[in-house]
Amino acid sequence: MIKEILTRWPVVRQLLTHSDGTGVEAMSDRTRNLAPKNRDAQVARSVCPYCAVGCGQLVYHKEGKLVSIEGDPDSFISRGRLCPKGSDSFELLTHANRETRIKYRKPYSTRWEELELETAMDMIADRVWDTRERTFEEERDREVVMHTTAMAHLGGATLDNEENYLIKKLFAAGLGMVCISNQARI
Amino acid sequence: MPGLGTSFGRGGATLGPSDLVNSDAILIMGSNMAENHPVGFQWVIEARERGATVIHVDPRFSRTSAMADIWAPLRAGSDILFLGGLIHYVLENKKDFREYVIHYTNASIILPEEFKDTEDLGGVFSGWDAKNRSYDSNAWLYGACVGGGRVAPKSAGRHSGRHSGHCKDGAGAAADLGNCECDPTLSHPRCVYQVLKKHYSRYTPELVERFCGVPRERFLKIAETFCSASGPEKTGAICYALGWTQQSKGPQIIRAAAILQLLLGNVGRPGGGILALRGHASIQGSTDIPTLYDILPGYLAMPNLGLDSKNLADYVATHRDPTGWWWNFDKYIVSLLKAYYGEEAKKENDWGFNWLPRVTGDHSHQGYFLEMLDGKVEGLFVMGQNPAVAGPNSRLERKALSKLKWLVVRDMVELETASFWYDSPEVERGELRPEEIATEVFLLPAAGHAEKDGCFTNTQRLLQWHQKAVDPPGDARSETWFMFHLGRRLKEKAKQDPRPRNAGLSALTWDYSVEGTMQEPKVEEVLQEINGYQVDDHTLVTGFTELKADGSTACGCWIYSGVFPRPGENRANQRNSQDLWGHGWGFAWPADRRILYNRASARPDGRPWSERKKLVWWDEQKKEWTGLDVPDFARTKAPNYQPPKHAEGDEALAGDKPFILHPDGTGWIFAPKGLADGPLPTHYEGLEAPVGNPLYPDRQSNPAAMRDERPENRYASSPDDRFPYVMSTYRLTEHHTSGAMSRMLPHLAELQPEFFCEISPELASERGIENGGWVTVMTPRGIVEARALVTRRMRPLLIDGKMVHQVGVPYHWGSRGLVKGDSANDLVAISEEPNVRIMEAKGILCDVSPGRRARGKAALDQLNAHLGRK
Amino acid sequence: MPTSAFLTDASVCIGCKACEVACKEWNHIPDDGFEWSGQSYDNTHALGASTWRHVLFLEEKQPMGPQLAGIEEPFRWQFLSDVCKHCENAGCLEACPTGAIVRTELESVFVQHDICNGCGYCVVSCPFGVVDKSHEVGTAFKCTFCYDRQRDGLMPACAKACPTQSIRFGELEELRREAHERVEKLQDRGYNDAQIYDPTGSSVGGTHAIFVILGQPEAYNFPPAPEVPTIHLKSAWGAALVSALVVVLVVCLAFAL
């Protein structure tokens with residue numbers, strides 16, 4: 001026990017190993033126990049959310065929290081590498097300006113208010129239904145039109161295929177919204 | 001996508017970045033690949049290390065130029081002149097890969113007498129309707145061919161209304177080529193090859209120097225270098241991005257590159273083809289499974305009132321080609337309708353065809369934002385996009401948002417689109433006051449990519465699954481969650497209200513399982529629906545060849561079919577790469593073919609062109625195609641197969657026709673159908689230009705492009721003393737698009753903290769601008785201020801005897817975030833290229849003056865004063 | 001244990017700064033403030049307490065080997081990622097009075113910030129201007145050579161991220177060989193000014209972060225012959241001893257007279 005305490009003292013280690021006090025003998029406990037933060041973490045295999053190269057990413061997480069994100073060396077596209085944006089993916093998901101609550105603005109208001117998620121969903125559904133009800137066109141010159149141009153959707157290039165599929169399915173095939181667009185053109 | 005789609009058959013890159021390692025020459029144009037696709041660029045460096053020559057042609061000397069072997073400056077907007085110059089060079093010097101051209105392209109087809117080129121008509125092709133400012137979409141068909149075969153049905157020509165630019169070419173029965181005459185010697189004056197030659201006869205190196213600003217010797221060096229990467233032993237690739245697409249003639253620029261690659265015999269071969277470098281994680285996906293107005297999943301057309309929408313039979317007849325792969329069109333639309341509407345979709349009700357909404361006009365981003373400005377749009381959903389910064393004429397877009405009754409924004413941060421009502425230049429300038437804005441705004445937090453399951457489709461058509469690692473924080477949810485639960489609520493309302501208008505919504509299949517405390521839908525179920533299944537027992541299909549038109553199959557997106565062929569086998573989630581092209585890792589559409597049109601990597605007789613460039617070849621023993629990639633061809637069709645008379649579909653294509661989506665199986669040098677503005681790319685100046693069109697003085701810009709002119713969206717004249725400089729917007733590697741994913745993040749924001757304008761030393765000297773100072777940039781649309789970055793990397797060009805200055809403006813800034821700045825898109829007009837309705841953001845006119853702009857309302861006075869100048 | 005080293009090659013660097021970000025992300029380093037420099041694309045300015053990888057941007061009126069770039073006159077734009085050199089004889093380590101700076105078993109130089117007392121002696125002793133004190137925290141920081149990652153056999157974050165492998169990581173002698181081969185290959189291709197920066201000839205005795213550069217070291221702010229301040233130790237102590245003797249002598253004389 002005393003021996004153990006003594007050998008943690010750099011001077012003692014220095015004397016015992018005949019070294020000059022600038023090497024491992026001078027390391028603190030913290031240094032000697034240094035380990036990468038993703039040791040023993042679980043890994044999810046992912047894809048960078050930025051550009052369209054689609055670099056592989058390894059998402060390290062422990063107990064429901066993200067630990068770090070880096071490149072996936074197995075990817076034949078990226079071979080483990082990431083550009084500055086891809087390298088910043090952990091910050092993308094954890095930075096201080098990330099929104100986690102609903103913000104709601106009443107007509108003519110000068111400020112945001114809070115809103116519960118389920119309430120917001122109900123309100124949005126009501127808005128959609130109301131607008132659609134008043135503006136839906138079933139036919140024109142006895143030909144089927146089945147659409148509304150009073151509601152629109154924008155978005156998609158950063159979304160998953162499954163998300164875009166459901167958007168087109170519900171909004172167009174279900175509700176008759178034709179005004180649908182995203183960043184893509186050609 | 002129509003550029004590649006009409007040329008080759010599918011709107012997607014023909015190769016991926018890793019295949020560039022096989023290139024002998026790489027031409028990067030309309031792209032800053034090292035900047036915007038840095039990790040993809042590693043393959044360009046590898047190619048260069050192995051001896052490939054890398055050529056970069058661009059208005060700016062960028063981080064890509066720094067790594068290129070040859071760089072040439074280019075006047076923004078003159079890309080077709082340059083590419084036409086290369087085509088001219090190939091034809092004049094007989095550098096085309098003759099055997100490839102004869103067998104694999106439509107160069108030998110003899111065009112009808114009625115066809116007239118721009119050289120004949122002073123800048124337009126035959127079929128131009130000056131009143132409607134559009135072309136007759138059947139004007140360039142081979143169709144009036146003699147000697148038997150089917151003739152184009154007359155009705156196809158009588159439809160008015162604009163044909164969708166994104167969908168398959170819409171050729172339908174009208175594309176039937178019957179027994180067209182060909183001249184395999186390529187010498188008949190009306191064969192495509194000779195018409196091409198005549199079309200580009202004036203695109204000489206001298207013209208390129210005079211109007212592109214590329215010194216003649218540099219141009220010839222590039223031409224020599226790139227065009228020698230051709231033939232059995234060599235290939236060259238072309239990489240492009242938004243430098244080409246964000247122009248009023250974008251698809252035509254891409255067409256010019258496609259023509260060049262077909263002439264050089266580079267398509268479908270390792271290290272060859274065209275790499276379309278797209279800009280967002282799943283933008284290929286958002287075009288394939290489109291959140292676009294004019295198409296349905298898999299490039300099927302949205303029904304268009306008056307064009308094809310009378311009933312399903314009419315719709316199919318308009319779009320189904322009698323020959324080539326699109327003969328299967330009906331199988332795909334019926335399977336899609338079954339996926340959407342399930343049990344209620346029956347033969348008697350045309351499988352629910354009449355529940356699909358009809359397109360009746362311009363419902364694109366530009367189209368509906370203009371309607372929104374006029375108060376005609378009540379509600380808008382915005383998910384993962386930021387039009388307040390990145391939309392064309394972002395000033396107009398922000399004002400348009402203020403006319404909405406309600407707005408739902410879903411994103412990870414409070415971006416400018418959500419805060420326009422209290423934090424925007426319009427509020428600062430008094431143009432908008434919160435107390436007067438009626439818009440009800442909902443900002444819902446969104447889950448990030450590591451917080452949800454799902455797949456992206458990247459620039460090389462590859463579906464890759466991202467696995468969920470952790471739950472999203474707080475009230476943040478995925479879009480899948482949002483759409484599912486919104487849909488659930490709306491279907492409830494429809495149930496209470498069984499009028500015909502709600503029949504589609506009620507019929508919509510919407511019973512995805514949910515799991516966990518958040519009630520998150522099981523994303524794999526959605527992907528399985530996209531893959532397709534047998535309706536009776538929900539067995540997954542293994543590919544699109546199993547799809548039928550009799551209602552027995554359902555499939556959400558036929559080109560993705562095969563991604564989930566068996567339970568538990570999500571190929572997008574496979575990560576066992578076998579080779580350079582990544583077989584075993586992810587799933588490339590279609591059918592996991594990595595290099596498209598790879599039949600062309602073999603000779604007409606089925607042997608590889610060379611050992612060095614072998615990819616796919618005919619195995620005479622096994623009587624099938626084999627090789628290093630999945631053959632993009634009917635596996636057992638022999639190379640010498642000749643179709644019997646009246647054969648249909650793929651059986652109508654011979655064994656030496658690689659472009660199987662086309663009704664004639666050839667690569668289209670001449671595009672008889674599919675583009676709204678011409679079968680051959682023609683040089684027009686941009687909608688604003690510093691010079692007149694040297695080729696056709698009476699046709700300054702693309703006659704079919706739309707300007708959407710109105711007081712908030714004005715244009716400069718060409719040229720214009722008030723706006724003497726040529727400007728292009730672009731991206732920096734440190735930021736991402738509108739900045740919502742970079743300006744809010746300290747580690748990226750600090751790398752490029754301020755909005756700057758890149759200026760040449762000559763322009764700086766002329767206007768008294770100092771490096772590190774400020775400049776004010778103005779166009780007829782807007783006024784912004786930026787830091788002045790004076791650099792040799794920008795240079796003025798001598799164009800037709802006068803000095804033309806070019807400036808560069810990165811567009812990442814807005815009023816929110818850790819680093820803020822004016823938005824460059826305030827300067828860009830809302831304009832619409834005729835096929836895909838993309839705006840022109842490259843090569844527009846501006847003024848640059850030293851000093852900061854006025855603050856508040858005075859900024860508008862400053863702009864108006866400038867506009868008022870003569 | 002093998003000597004860990006970096007080889008950073010300017011001829012394939014695309015100036016993307018992935019190295020800067022990957023390092024900051026891994027090591028939880030804060031941003032440096034948002035100050036635009038107007039100097040090409042370099043807004044990071046220099047290595048310091050909160051920047052351990054710094055990319056330089058050089059716009060020069062010279063050709064880049066055989067590259068056809070400039071029109072009327074030659075022009076090139078090159079980039080290089082600078083980093084702590086982990087010197088063979090490290091000025092910072094020798095100056096540190098508390099033993100906070102140590103040589104690890106990987107032969108890298110590591111600052112233990114739980115020991116560091118913020119005296120700042122290391123800052124003035126580094127011939128490359130690398131190590132620096134953080135104003136917020138008060139102690140010294142520099143590149144750790146991802147000592148924590150290397151412990152588990154992982155490569156440093158910057159080397160892993162670098163899209164073009166301009167930053168290569170490995171064993172020192174192996175990388176020295178690679179560097180020589182690379183310079184030969186570049187010179188064959190016409191990059192006449194390709195050379196290695198690895199100052200073995202001065203008191204630093206060589207570094208564990210070597211570079212393939214195009215042009216003179218000074219262009220990259222590299223001292224051609226960096227010296228550790230302790231080379232002056234002998235003469236400094238000698239001078240001190242002489243001064244002490246002189247003082248004693250004078251005092252004695254003062255009392256004697």
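The preceding data block contains the structure.
Fair warning: this is a prediction, and the values are worked out from it, not measured in the lab.

Caption draft 1: Fine view of the overall build of chain B. Within chain B, the regular secondary structure consists of 26 helices and 29 strands. Here the C-alpha atoms of chain B give a radius of gyration of 26 Å, agreeing with the 29 Å that 2.2 N^0.38 yields for 870 residues. By its C-alpha atoms, chain B is 75 × 70 × 55 Å across when sized along the principal axes. When each of the 870 residues of chain B is scored for burial, the buried share is 71%. Intrachain contacts of chain B at a sequence separation of at least 6 include 72% that bridge at least 24 residues. When the accessible surface of chain B is split by element, carbon and sulfur atoms take 49% of a total near 24600 Å². If the 101 positive side-chain charges of chain B are averaged to one point and the 109 negative ones to another, these points end up 2 Å apart.

Caption draft 2: Spotlight on the overall build of chain C. The helix and strand inventory of chain C stands at seven helices and 10 strands. Its C-alpha atoms put chain C at 80 × 40 × 40 Å along the principal axes. Each of the 257 residues in chain C was classed as buried or not, and the buried ones make up 56%. Relative to all contacts within chain C whose residues are 6 or more apart in sequence, the contacts with residues 24 or more apart total 61%. Charge centroids of chain C, computed over 19 positive and 32 negative side chains, lie 3 Å from each other.

Caption draft 3: Broad picture of unusual backbone geometry. Residue and element names in this part refer to chain B. For the bond from W589 to P590, the omega torsion is -5°, close enough to zero to count as cis. If you trace the backbone, P590 turns up in the loop between strand 19 (587-588) and strand 20 (616-619). At R461, a residue that is not glycine, the phi angle is positive and equals roughly 65°. With respect to the secondary-structure elements, R461 resides in the loop between strand 13 (454-457) and strand 14 (462-466).

Caption draft 4: Looking closely at the interface of chain A and chain B. With 119 residues of chain A at the interface, the matching set in chain B holds 168 residues. Interface of chain A and chain B: buried area, both sides summed, is about 12600 Å²; carbon and sulfur atoms make up 62% of it. Scanning the region where chain A abuts chain B turns up 15 salt bridges.

Caption draft 5: View of the packing of aromatic side chains. One pass over the structure, following the stated rule, counts 60 aromatic pairs over all chains. Ring centres of A:Y165 and B:Y340 lie 6.0 Å apart, and the angle between their planes is 40°; on these two criteria the pair is classed as tilted. Here B:Y340 lies in helix 15 (residues 329-341) and A:Y165 lies in helix 7 (residues 161-174), a pairing that spans two chains. A:Y165 sits in the buried class, given a relative accessible area of 1%.

Caption draft 6: Examining empty space enclosed by the protein more closely. Residues and elements named next belong to chain B. Counted by the stated rule, this structure contains 19 cavities of 30 Å³ or more. Roughly 220 Å³ of internal volume is contained in the second largest cavity. Lining the second largest cavity are 20 residues; nearest its centre among them are G5, G9, R10, G11 and K168. Its residues assigned to classes, the lining of the second largest cavity comprises nine nonpolar, eight polar and three charged.

Caption draft 7: Representation of the interface of chain B and chain C in the model. If you look at the interface, chain B gives 50 residues, while chain C gives 45 residues. When chain B packs against chain C, close to 3700 Å² is buried across both sides, 59% of that on carbon and sulfur atoms. When the area that chain B buries against chain C is broken down by residue, the three leading residues are B:R63, B:H747 and B:E750, summing to 18%. Viewed at the interface, chain C and chain B are joined by seven salt bridges. A salt bridge links C:K17 to B:E734, with the nearest nitrogen and oxygen atoms 2.7 Å apart. Here chain B is connected to chain C by 27 residue pairs in polar contact (both at pLDDT 80 or more).

Caption draft 8: Summary view of the nonpolar core. Ranked by size, the top nonpolar core spans 400 residues in total, and within it A:F171, B:F82, B:I333, B:L380, B:F381, B:F482 and B:W558 carry the most contacts. Residues lining this core come from more than one domain, with at least three contributed by each of domain 2 (42-94) and domain 3 (136-186) of chain A. With residues near it in sequence (within four places) discarded, B:F482 still touches A:M121, A:I124, B:F381, B:M383, B:V408, B:R410 and B:L444.

Caption draft 9: How the structure looks around the sheet that holds strand 13 of chain B. In spatial order, the strands read 13-14-19 (chain B); together these three strands make up an open sheet with antiparallel pairing. In the strand order of this sheet, the two ends are held by strand 13 and strand 19 of chain B, each with one partner. Strands strand 13 and strand 14 of chain B of the sheet are contacted by helix 7 of chain A, whose axis makes an angle of about 95° with strand 13 of chain B.

Caption draft 10: A look at the packing of helix 7 of chain A against helix 23 (residues 523-531) of chain B. At a minimum axis distance of 9 Å, the contact between helix 7 of chain A and helix 23 of chain B shows a crossing angle of 70°. One way to sum up the angle between helix 7 of chain A and helix 23 of chain B is to call them roughly perpendicular. As for the relative orientation of helix 7 of chain A and helix 23 of chain B, their crossing is left-handed in sense. Two secondary-structure elements touch here, helix 7 of chain A through A:N161, A:E162, A:Y165, A:L166 and A:K169 and helix 23 of chain B through B:V523, B:V526, B:L527, B:E529 and B:I530. Looking at the contact of helix 7 of chain A with helix 23 of chain B residue by residue, the class counts come to six nonpolar, one polar and three charged.

Caption draft 11: The arrangement of the state of the cysteines in detail. Per the counting criterion, the structure on display carries zero disulfides over all chains. Looking at the unpaired C:C119, the closest cysteine sulfur is the one in C:C96, lying at 6.2 Å.

Caption draft 12: Local environment of the pattern of salt bridges. Scanning all chains against the criterion turns up 95 salt bridges over all chains. In this structure, the salt-bridge partner of B:D120 is B:K198, at a minimum N-O distance of 2.6 Å. Of this pair, B:D120 sits in helix 6 (residues 118-121) while B:K198 is found in helix 8 (residues 192-199), placing the two residues 78 residues apart along the sequence. Residue B:D120 is classed as partly exposed on the basis of its relative accessible area, which comes to 37%. Judged by its relative accessible area of 42%, B:K198 is partly exposed. Two residues, B:K623 and B:E620, come together in a salt bridge whose shortest N-O distance is 2.4 Å. B:K623 sits in the partly exposed class, given a relative accessible area of 46%. Owing to a relative accessible area of 46%, B:E620 belongs among the partly exposed residues under this scheme. Look at the salt bridges and you will find they share partners, linking B:R48, B:E49, C:D9, C:R182, C:K185 and C:R189 into a network.

Caption draft 13: Just the side chain of A:T31, in detail. Note on placement: A:T31 falls in helix 3 (residues 29-32). A:T31 gets classed as buried once you look at its relative accessible area, which sits at 0%. Discounting chain neighbours no more than four positions away, the residues touching A:T31 are C:F110, C:Q112, C:D114, C:Y147 and C:R151.

Caption draft 14: Looking closely at helix 3 (residues 38-49) of chain B. All names here are of chain B. In a regular helix each residue adds 1.5 Å, so 12 residues correspond to 16 Å; helix 3 covers 17 Å between its end C-alpha atoms and thus fits that length. Of all the 12 residues making up helix 3, 10 are buried; the element is thus mostly covered by neighbouring parts of the structure. Check the buried side of helix 3 and you find it contacts strand 1 (25-29), helix 2 (33-36) and strand 2 (53-58). Directly beyond the C-terminal end of helix 3, a positive phi value near 110° is found at G51.

Caption draft 15: The arrangement of the sheet that holds strand 2 (residues 56-62) of chain A in detail. All names here are of chain A. The strand order across the open sheet formed by three strands is 1-2-3, and the pairing between neighbours is antiparallel. Each having just a single partner strand, strand 1 (42-47) and strand 3 (65-71) make up the two edges of the open sheet. This sheet shows a mean twist of 25° between the axes of neighbouring strands, independent of strand direction.

Caption draft 16: Fine view of the pairing of strand 28 (residues 806-810) of chain B. Residues and elements named next belong to chain B. Of all five residues making up strand 28, five are buried, and the element is well covered by its neighbours. Bridge analysis of strand 22 (residues 725-730) against strand 28 gives five bridges, and the strand direction is parallel. Within strand 28, the position partnered with V726 by the bridge is Q806.

Conventions adopted
Counting starts from 1 at the beginning of each chain's written sequence and moves along it residue by residue. All chains are assigned letters beginning with A, and all ligands numbers beginning with 1, in the order in which they are written. Totals for whole chains, interfaces and linings use all residues, but because this is a predicted model, local features are given only for residues with pLDDT of at least 70 and pairs of side-chain atoms are given and counted only at 80 or more. Processing note: side-chain calculations cover all non-hydrogen atoms of the structure and skip hydrogens and water entirely. Put simply, DSSP marks the helices as runs of H or I at least four residues long and the strands as runs of E at least two long, and each gets a number from the N terminus on. Our radius of gyration looks at C-alpha atoms and nothing else; its globule reference is 2.2 Å times the residue count to the power 0.38. Buried, partly exposed and exposed residues are distinguished by accessible area as a fraction of the type maximum, computed with a 1.4 Å probe on protein chains only: under 20%, between the cut-offs, and over 50%, respectively. Note on definitions: a residue-residue contact is assigned when non-hydrogen atoms from the two residues lie within 4.5 Å. Note that accessible areas follow from Shrake-Rupley with a 1.4 Å probe, and for residues the cover is restricted to the protein chains shown. A positive count includes Lys and Arg, and a negative count includes Asp and Glu. His and the chain ends are not counted in either. Here the site of a charge means NZ on Lys, CZ on Arg, CG on Asp, or CD on Glu. A quick way to say it: buried area is the sum, across both parts, of accessible area lost when two parts are put together, with a 1.4 Å probe. Here, a salt bridge means any Lys or Arg side-chain nitrogen found within 4 Å of an Asp or Glu carboxyl oxygen. Aromatic rings from Phe, Tyr and Trp, with only the six-membered ring used for Trp, were paired whenever their centres fell within 6.5 Å, and each pair was classed as stacked if the ring planes differed by under 30 degrees, edge-to-face if by over 60, and tilted otherwise. Only protein atoms enter the 1 Å grid used here. Points where a 1.4 Å probe fits but cannot escape make up a cavity, open sets with protein on both sides within 12 Å along at least five of seven lines make up a pocket, and a residue lines them when an atom lies within 4 Å of a point. Grid points are joined across faces, edges and corners, and a volume is the space filled by probe spheres set on the points. Classification convention: Asp, Glu, Lys, Arg as charged; Ala, Val, Leu, Ile, Met, Phe, Trp, Tyr, Cys, Pro as nonpolar; all other residues, Gly among them, as polar. Nitrogen and oxygen atoms within 3.5 Å of one another constitute a polar contact, given that in protein one can donate a hydrogen and the other can accept it, and given that sequence-neighbouring residues count only through two side-chain atoms. Put simply, buried Ala, Val, Leu, Ile, Met, Phe, Trp, Tyr and Cys residues joined by side-chain atoms within 4.5 Å make one nonpolar core. Note that the domain bounds reflect an automated or database-derived domain assignment. A pair of strands is treated as paired once DSSP finds two or more bridges between them. Orientation is described by lines fitted to C-alpha atoms, with helices fitted over the stretch in contact, and by angles between N-to-C directions that extend from 0 to 180 degrees. What sets the label is the angle itself: under 35 degrees gives roughly parallel, over 145 gives roughly antiparallel, 65 to 115 gives roughly perpendicular, and the rest give oblique. By the definition used in this description, the sense in which the near helix is turned from the far one sets the handedness, with an anticlockwise turn below a right angle giving left-handed and a clockwise turn giving right-handed. Counting rule for disulfides: a pair of cysteine sulfur atoms within 2.5 Å. Given the number of residues in a helix, its expected span is that number minus one, multiplied by 1.5 Å.

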